[in-house]
Amino acid sequence: MKLKLKEEEKKKEELKKQILLYKQYYQNHFNLLHSLLHRYSDMKKNIMNQQYDVLEEALEDLSTSVFHEFNSMYSQSYTLNMLITDNLQTLKDSNIQISTKLKCIELPFEEATDEYNLFKELLNIGINACQSFSESVIYILSEDHYSQIVFQFIYPAIADETEKIVGNKVLEKIIHNNNIHSVYRYNDKNQEMRIALIFQAKTNERIE
């Protein structure tokens, strides 16, 4: 009986967190729409005042920013979309682009909140490292490779951050609880840090 109640409470807490995420996702999109409407109003004034040079510059800026925001906001992962939109202003201010190629969307986590917490920590790590560069790109990839799912997070870094990543308590707990095999590699020539997380399929079969 106590175990059943504990499981019910756990489900309620996870549901509350999901509702909070939906609200946050809605607010981020509302803010983006509000910003676009404000820009449209300014451009309409430019036309009325025959400020065509200003209008041309505004259109070019709008085209570039919307393209980058759209590519950043819309990955194949709903959770990742929410976190990216939550960091949109920081990404814009720091000239950071997000490039995603997720062939495998569903990752086998033990807890529903593990995916959110993992993505959140990785994005924080990547964004902080990108502050040392005038402009940068963070790559987020995943693929289903036979009996394993390989998730990769690649970002620019001025030095090897393996020690910092291994010392991250949140990541350490998620990796341990989900039996994830982790690989960290730094390319000194390209100043690139690569985090590879390998999930085992339920069959527990391994690649030979």
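The coordinates are above.
The rules behind these values
Residues numbered from 1 in each chain as written. Predicted model: local features only at pLDDT ≥ 70, side-chain atom pairs only at ≥ 80, totals over all residues. Heavy atoms only, no water. Buried < 20%, exposed > 50% of the residue type's maximum accessible area, 1.4 Å probe, protein only. Helix = DSSP H or I, 4+ residues; strand = E, 2+ residues; numbered from the N terminus. Arc of directions from axis to C-beta. Contact = heavy atoms within 4.5 Å. Salt bridge = Lys/Arg side-chain N within 4 Å of Asp/Glu carboxyl O.

*Asks:* Any chance you could break down helix H7 (residues 169–177) for me, citing the residues and the numbers?
*Replies:* Turning to H7, its buried residues are Leu 171, Ile 174 and Ile 175. Mapping the buried residues of H7 onto a view down its axis gives an arc of 95°, with all of them on the same face. For H7, exposure combined with an orientation more than 90 degrees from the buried face picks out Lys 169, Lys 173 and His 176. Of the surrounding elements, those touching the buried residues of H7 are helix H5 (112–130), helix H6 (162–166), strand E4 (181–187) and strand E5 (192–200).

*Asks:* Give a detailed account of unusual backbone geometry, specifying residues and quantitative values.
*Replies:* At Gln 50, a residue that is not glycine, the phi angle is positive and equals roughly 55°. Mapped onto the elements of the fold, Gln 50 is located in the loop between helix H1 (2–48) and helix H2 (52–73). Phi at Gln 191 takes a positive value of approximately 50°, unusual for a residue other than glycine. Along the chain, Gln 191 falls in the loop between E4 and E5. We classify Gln 191 as partly exposed; its relative accessible area is 32%.

*Asks:* How would you summarise the pattern of salt bridges if you had to cite specific residues and measurements?
*Replies:* Enumeration over the complete set of coordinates arrives at three salt bridges. With a shortest N-O distance of 3.9 Å, Glu 172 and Lys 169 are connected by a salt bridge. In this pair, Glu 172 and Lys 169 are both assigned in helix H7, three residues apart and thus about one turn of the helix distant. Using a relative accessible area of 42% as the deciding quantity, one classes Glu 172 as partly exposed. Relative accessible area serves as the criterion here: at 62%, Lys 169 is assigned to the exposed category.

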